[in-house]
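# Coordinates in review
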Amino acid sequence: MKKDKFVKSYNVAVVGATGVVGNEMVRILEEREFPVRNLTLLASERSVGKKLKFRGKSVPVYVLNEKSFSGIDIGLFSAGGSISERFAPIAAASGCVVIDNTSAFRMAPDIPLVVPEVNRKAIGMYKNKGIIANPNCSTIQMVLVLKPIHDAARIKRVVVSTYQAVSGTGKEAIEELIKQTKALLSGRKPAVKVYPHRIAFNCLPHIDVFLDNGYSKEEMKMVNETKKILGDQTIAVTATTVRVPVLYGHSESVNIETERKISAREVRRILSHAPGVKVVDDLKRNKYPLPIDAAGKDDTFVGRIREDESIENGINMWIVSDNVRKGAALNAVQIAELLVRDYL
Ligand code: NAP
Ligand code: 3JN
């Protein structure tokens, strides 16, 4: 979004600025020329003395506290749920609009949960609590693709399995995959710290904590957030979320059952016009979405689109997106762009 579209500029705070998501937020604010008047970077005491580059200048990182939000217009939060639970209401009370990347407020009925390409109108509900929730990365890339199909043929059921990159867990997990891989390739025993098991050369069907129903919390986030964003509680969703030894880019195998019969060709045509989505589906040339191609890109990629021959009205797809960009930082900045364009 270009500066000349705005008359005003805004004081922006990034909470969790030294993390994987926070770092990417700072980069994206600069890349998209968001109208930042002053940028405040906030993190824990561990980051005292650190600086991040923004528009060619070194910006210091400050320790987050109750007074951090005085004079701040927009707060981009990604320092974990407990930090958001404590500090987002404090920020909102001082007039800052919070765009929260954690799960702390996602399912609150009076707080909007927004993917701009899907339900941008919900942003106006920020007035209730001064908070807008950013969905989970795995949900964002899936609903971008589901929304236009739902509008065309009404989705009755979704069965999704994810293949999630370690960057979804944060900076320590990225280091852990690299260190474990190096250790194993040099014949050394790898240290296991971040995940309950080794992640290098492995797959873990375990993301976030397990719940009483046997699902993981990540799986239930996908179920509940999908229904809220699509505004349809009748869609049945079941998910299996898996961590894989990939650095950046979540992949998803998605099976849908629709009310109206829809062909693979029609799905390809609909998705070729969907905002934020690119169809990569040319089997003769071995073209399908890959996390290594999606990393660093803004679009969400979909391919392997085919009719599910086991049921009457079914479609299978493979959806890949950069989990740190569209799955977190980019989606939050896009929300901020619409907020300043339409409301502030
Ligand atoms: P990360 O790389 O581990 O970074 C964590 C960030 O939070 C760091 O900046 C850290 O500061 C800061 N932090 C931790 N404790 C703090 C405290 N007590 N006070 C102030 N700052 C504190 O993790 P990440 O991958 O960026 O993820 C951060 C959060 O974003 C996650 O917990 C999650 O809630 C959310 N997230 C959302 C999505 C999504 O799907 N939308 C995806 C990934 C993450 P220090 O460097 O000073 O420790
Ligand atoms: O694991 C991933 O790939 C995405 C992780 C997201 C995440 C990590 C820690 C805490 C979240 C989230 O956004 O749902 C949270 C959380 O805020 O609950």
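Residues numbered from 1 in each chain as written. Chains lettered and ligands numbered in written order. Predicted model: local features only at pLDDT ≥ 70, side-chain atom pairs only at ≥ 80, totals over all residues. Heavy atoms only, no water.

Another point: the site of ligand 2. Taken together, 13 residues form the shell around ligand 2, and within it Ser103, Arg106, Lys221, Arg243 and His250 come nearest. Side-chain polar atom of Gln164 to an oxygen atom of ligand 2: 2.9 Å apart, as the coordinates give it. If ligand 2 stood free it would expose 430 Å²; the protein chains cover 76% of that surface. Of the pockets mapped on this structure, ligand 2 occupies the largest pocket. Grouping the constituent residues of the shell around ligand 2 by class yields two nonpolar, seven polar and four charged. (Near = heavy atom within 4 Å. Polar contact = N/O pair within 3.5 Å; in protein donor to acceptor, adjacent residues only side chain to side chain. Areas by Shrake-Rupley, 256 points an atom, 1.4 Å probe, with all protein chains shown as cover. 1 Å grid on protein atoms, 1.4 Å probe; cavity = no way out; pocket = protein on both sides within 12 Å on 5 of 7 lines; lining within 4 Å. Sits in = over half its atoms within 2 Å of the grid points. Nonpolar A, V, L, I, M, F, W, Y, C, P; charged D, E, K, R; others polar.)

Another point: the sheet that holds strand S13 (residues 314-321). Spatially, S9-S8-S10-S13-S12-S11 is the arrangement adopted by the six strands of the open sheet, whose pairing is mixed. Each of the sheet's edge strands pairs with one partner strand only, and the pair in question is strand S9 (236-243) and strand S11 (277-279). Strand-to-strand twist across the sheet, computed as the mean angle between neighbouring axes with direction ignored, equals 20 degrees. Here eight bridges tie strand S10 (residues 250-258) to S13, and the two strands are oriented antiparallel to one another. Bridge assignment links Ile256 to a residue of S13, and that residue is Ile315. Sitting on the sheet, helix H5 (residues 137-153) is in contact with strand S8 (155-164), S10, S11, strand S12 (300-307) and S13, with an inclination near 25 degrees to S10. Where helix H8 (residues 264-272) meets the sheet, it contacts S11, S12 and S13, and its direction lies at approximately 165 degrees from that of S12. (Pairing = 2+ DSSP bridges. Helix = DSSP H or I, 4+ residues; strand = E, 2+ residues; numbered from the N terminus. Axes fitted to C-alpha atoms, helices over the stretch in contact; angles between N-to-C directions. Contact = heavy atoms within 4.5 Å.)

Once that is clear, we can look at the pairing of strand S5 (residues 74-77). Both faces of S5 are covered, namely the face carrying Ile74 and Leu76 and the face carrying Gly75 and Phe77. Two elements, strand S1 (residues 10-15) and S5, share four bridges in a ladder whose sense is parallel. Residue pairing in the sheet places Ala13 in a bridge with Gly75 of S5. Pairing analysis gives four bridges linking S5 to strand S6 (residues 97-100), with the strands arranged parallel. The residue of S6 that forms the bridge with Leu76 is Ile99. With helix H2 (residues 81-93) bridging S5 and the parallel S6, this β-α-β connection has right-handed handedness. (Buried < 20%, exposed > 50% of the residue type's maximum accessible area, 1.4 Å probe, protein only. Right-handed = clockwise from strand over helix to strand, strands pointing away.)

Turning our eyes to something else, we now look at the nonpolar core. If you look at the biggest cluster of nonpolar residues, it comprises 52 residues, and the most contacted ones within it are Phe69, Leu146, Val158, Val254, Ile256, Leu271 and Met317. Sort the elements by how many residues they give to this core and H5 lands first, with eight residues. Look past the residues within four positions of Val254 in its chain and what remains in contact with it is Met142, Leu146, Val158, Val159, Val160, Ile315, Asn316, Met317 and Ile319. Of all hydrophobic cores here, the second largest spans 35 residues; its members include Val14, Ala43, Val114 and Leu339. (Core = buried A, V, L, I, M, F, W, Y, C linked by side-chain atoms within 4.5 Å.)

Considered as a void within the structure, the largest pocket measures approximately 1,400 Å³ in volume. Along the wall of the largest pocket there are 49 residues; nearest its centre are Ala79, Gly80, Gly168, Thr169 and Gly170. Elements supplying a minimum of two residues to the lining of the largest pocket: helix H1 (20-31), strand S2 (36-43), H2, helix H6 (171-185), helix H7 (217-230) and helix H10 (325-342). Considering only residue class, the lining of the largest pocket consists of 18 nonpolar, 22 polar and nine charged. Of the volumes computed, that of the second largest pocket is approximately 230 Å³. The wall of the second largest pocket is formed by Glu172, Glu175, Glu176, Lys179, Gln180, Ala183, Arg188, Lys189, Pro190, Ala191, Lys193 and Val194. Among the residues making up the lining of the second largest pocket, the classes are represented as four nonpolar, one polar and seven charged. (Points joined across faces, edges and corners; volume = space filled by probe spheres on them.)

Taken together, 27 residues are adjacent to ligand 1, and Thr18, Ser44, Ser47, Cys137 and Lys171 come closest. A distance of 2.9 Å separates an oxygen atom of ligand 1 from a polar backbone atom of Val20. At 2.9 Å from an oxygen atom of ligand 1 is found a side-chain nitrogen or oxygen belonging to Arg46. Coverage of ligand 1 by the protein amounts to 80% of the 920 Å² it exposes when considered alone. Looking at the shell around ligand 1, the elements with two or more residues in it are H1 and H10. Looking at side-chain class alone, the shell around ligand 1 contains ten nonpolar, 14 polar and three charged residues.

Moving on, we get to the pattern of salt bridges. One pass over the structure, following the stated rule, counts 20 salt bridges. Note that Arg32 is salt-bridged to Asp298, the shortest N-O span being 3.8 Å. In this pair, Arg32 sits in the loop between H1 and S2 while Asp298 sits in the loop between helix H9 (291-294) and S12, placing the two residues 266 residues apart along the sequence. A cluster of three or more residues bridged by salt bridges with shared partners is formed by Glu24, Arg27, Glu31, Arg32, Asp298, Arg325 and Glu337. (Salt bridge = Lys/Arg side-chain N within 4 Å of Asp/Glu carboxyl O.)

Position of Asp151 among the secondary structure elements: in helix H5. Overall, Asp151 belongs to the exposed group, its relative accessible area being 54%. With 102 residues separating them in the primary sequence, Asp151 and Ser253 have C-alpha atoms 21 Å apart.

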